[in-house]
Amino acid sequence: MEQKEEIVIIGGGLSGLTLAYLLSKRNIRTTVLEAAPRLGGRIHTIEGTLGTPLELGATWLSDMHTNLINLLEELGLNKYPQYSKGISLFQTKSFEPPQKFDVPESENPSYRIAGGTQELINALAQKLPTNSIHLKNKVTSIVEEKDYLIIETTKGHKYFSTMAVLCMPPQLIENQISFLPELPVSLTNILSKVHTWMGGALKFTLEYDRPFWKDNGYSGMLFSHSGIITEMYDHTNFEESKFGFTGFLNGSAASYLPNVRKENVVLQLTNLLGSQASNPVSYFDKIWTDEFILGGSQIIQRPHQFNGHPLLLEHYLKDKLLFCATETATEYAGYMEGAVVAAQRAAAQIL
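Predicted model only: the values in this text are computed from it and were never measured.

Visitor: Please give an account of the packing of helix α2 (residues 66-74) against helix α8 (residues 336-350) that cites residues and values.
Guide: In the contact formed by α2 and α8, the axes pass within 8 Å of each other and the chain directions differ by 80°. If you check the angle between α2 and α8, you find them roughly perpendicular. Between α2, through T66, N67, L68 and L71, and α8, the contact on the second element is made entirely by M336, E337, V340, V341 and Q344. Of the residues belonging to the contact of α2 with α8, the class tally is five nonpolar, three polar and one charged.

Here's what the structure looks like:
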């Protein structure tokens, strides 16, 4: 199948969908190609057994993230403060009681998106024309042919486009897409070394039928140097009618079976918070190492390595190819704010 498109956006995460939305407001037609069977990229909200929105991906924003906040307001979405009232725990050794501390209710709190972060993805997708988004469509090659690009996918589809925008982790581009003519060596040497934010992270969520920790004066916040859970936060929903926790597990737990991870999580929480923690309604976790986030082992010496690199901000293939992902942002790279900033920059370059 062959299709002629104006602009093809490769990647249906926050940066790609924000770019498509910004261009649609200027009546510029786009086609979004997403390799995964779902939209959102590193935003991934699932629904618990009791209907609790549970975050396995990007969760928090702050008052410093002004571009993201403006986008939420424009789309009619609400944000609300992360709950932190009560006793928080810091566990340094498994054989010693945890240290207890109170976190003052901050003047600059972290926020979550009402209904779950996926609501932002859903709202952006709903603003785009019908049939402009194609899932399970992994791009394998981009070939320059005179005044257009030929973009081919694993489905055998070919898209003829005046411009393509790569809204995906740079490391994946280097590992999964071939270019003709080839991209400059100076650029390809950078792509494989750009830190993919959240790559390799192991996030978990728990759902409970009541907030027993709040009833007992706890905030739900935990930091640990000794248990499988390294950090955890209250995950009560906007309406305060659904309850749970979300947080991160020790990286070594990726080698455990899911049921073993769950057993260890529940055991650690039961020891710290009491028997009421021993029977969660549901448990989910996600290791962020699949083919849609990483293209192999990352060679990273520091967090955000090469994020916002000048070579990621240039045009290529005679101005027909752009990069746009949160890792390309020159501020807040890796975060949701960075994804929005990257989309705004790419839209400005196109316009």
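Moving on from the model shown.
Visitor: Let's hear about the pattern of salt bridges: which residues, and what values?
Guide: According to the stated counting rule, one finds seven salt bridges in the structure shown. In this structure, R42 and E327 form a salt bridge, with 2.5 Å as the shortest nitrogen-oxygen distance. With R42 in the loop between β2 (30-33) and β3 (45-47) and E327 in the loop between β19 (321-323) and α8, this residue pair connects regions lying 285 residues apart in the sequence. Each member of the pair, R42 as well as E327, is classed as buried. Taking the shortest distance from any N to any O, the salt bridge between D285 and R261 comes out at 2.7 Å. You can see D285 sitting in strand β18 (residues 282-287) and its partner R261 sitting in helix α7 (residues 258-273), a full 24 residues away along the chain. The two residues D285 and R261 agree in class, both being buried.

Visitor: Account for α7, with residues named and values stated.
Guide: Counted at 1.5 Å a residue, the expected span for α7 with its 16 residues is 22 Å, and the 22 Å between its end C-alpha atoms agrees. Among all positions of α7, only R261, V265, V266, Q268, L269, L272 and L273 are buried. Projected down its long axis, α7 shows its buried positions confined to an angular sector of 160°, all on one face. Within α7, the exposed residues directed more than 90 degrees away from the buried face are E263, L267 and N271.

Visitor: Let's hear about the nonpolar core: which residues, and what values?
Guide: One finds L14, L19, L120 and V165 to be the most contacted residues of the largest nonpolar core, which totals 45 residues. Breaking this core down by element, the ones donating at least two residues are β1 (2-10), α1 (14-24), α2, β8 (111-113), α3 (118-126), β12 (158-166) and α8. Beyond its immediate stretch of four places on either side in the chain, L19 contacts I9, V165, C167, C324, A343, A346, A347 and I350. Counting residues in hydrophobic clusters, the runner-up holds 25 residues, among them I142, L149, L172 and L191.

Visitor: Tell me what's going on with the packing of aromatic side chains, and back it up with residues and numbers.
Guide: Applying the stated criterion across every chain yields a total of 11 aromatic pairs. Ring geometry for Y148 versus F160: centroids 5.7 Å apart, planes at 55°, classification tilted. A residue pair is termed long-range when its members are at least 10 positions apart, and Y148 in strand β11 (residues 148-153) and F160 in strand β12 qualify at 12 residues. Ring centres of Y208 and W213 lie 5.9 Å apart, and the angle between their planes is 65°; on these two criteria the pair is classed as edge-to-face. Since its relative accessible area comes to 0%, W213 is described here as buried. A connected cluster of aromatic rings, assembled from ring pairs, spans Y208, F212, W213 and F245. One residue, K79, lies across the ring of Y111, its end atom 4.8 Å from the ring centre. Sitting over the ring of Y83, K214 keeps its end group 4.1 Å from the ring centre.

Visitor: Explain the sheet that holds strand β7 (residues 99-102) to me, using residue names and the numbers behind them.
Guide: Reading across from one edge, β7-β6-β15-β16-β17-β14-β18 is the order of the seven strands in this open sheet, with mixed pairing throughout. Unpaired on one side and paired on the other, β7 and β18 mark the two borders of the sheet. Going across the sheet, the axis of each strand differs from the next one's by a mean of 20°, ignoring polarity. With six bridges joining them, strand β14 (residues 202-208) and β18 adopt antiparallel strand pairing. Considered in β18, the bridge of K203 is made with K286. Sheet contacts for α7: β6 (87-91), β14, β15 (218-224), β16 (229-234), β17 (243-249) and β18; angle to β18, the most-contacted strand, approximately 120°.

Visitor: Can you break down the environment of I7 residue by residue, with the values?
Guide: Mapped onto the fold, I7 is located in strand β1. Through-space distance from the C-alpha of I7 to that of T31 is 6.4 Å; in sequence the pair is 24 residues apart. For I7, the residues in contact, after removing those within four places along its chain, are L23, I28, R29, T30, T31, S161, M163, V165 and I350.

Visitor: Summarise the state of the cysteines; cite the residues concerned and give the values.
Guide: Counted by the stated rule, this structure contains zero disulfides. Cysteine C167 shares no disulfide, and the gap to the nearest cysteine sulfur, in C324, comes to 3.8 Å. For C167, a relative accessible area of 6% translates into the label buried. We classify C324 as buried; its relative accessible area is 0%.

How each quantity is defined
- Residues numbered from 1 in each chain as written.
- Predicted model: local features only at pLDDT ≥ 70, side-chain atom pairs only at ≥ 80, totals over all residues.
- Heavy atoms only, no water.
- Axes fitted to C-alpha atoms, helices over the stretch in contact; angles between N-to-C directions.
- Helix = DSSP H or I, 4+ residues; strand = E, 2+ residues; numbered from the N terminus.
- Parallel < 35°, antiparallel > 145°, perpendicular 65-115°, else oblique.
- Contact = heavy atoms within 4.5 Å.
- Nonpolar A, V, L, I, M, F, W, Y, C, P; charged D, E, K, R; others polar.
- Salt bridge = Lys/Arg side-chain N within 4 Å of Asp/Glu carboxyl O.
- Buried < 20%, exposed > 50% of the residue type's maximum accessible area, 1.4 Å probe, protein only.
- Expected span 1.5 Å × (residues − 1).
- Arc of directions from axis to C-beta.
- Core = buried A, V, L, I, M, F, W, Y, C linked by side-chain atoms within 4.5 Å.
- Phe/Tyr/Trp six-rings, centres within 6.5 Å; stacked < 30°, edge-to-face > 60°.
- Lys NZ or Arg CZ within 6 Å of the ring centre and 35° of its normal.
- Pairing = 2+ DSSP bridges.
- Disulfide = S-S within 2.5 Å.

Everything listed here is a matter of coordinates, which is why it stays silent on function.
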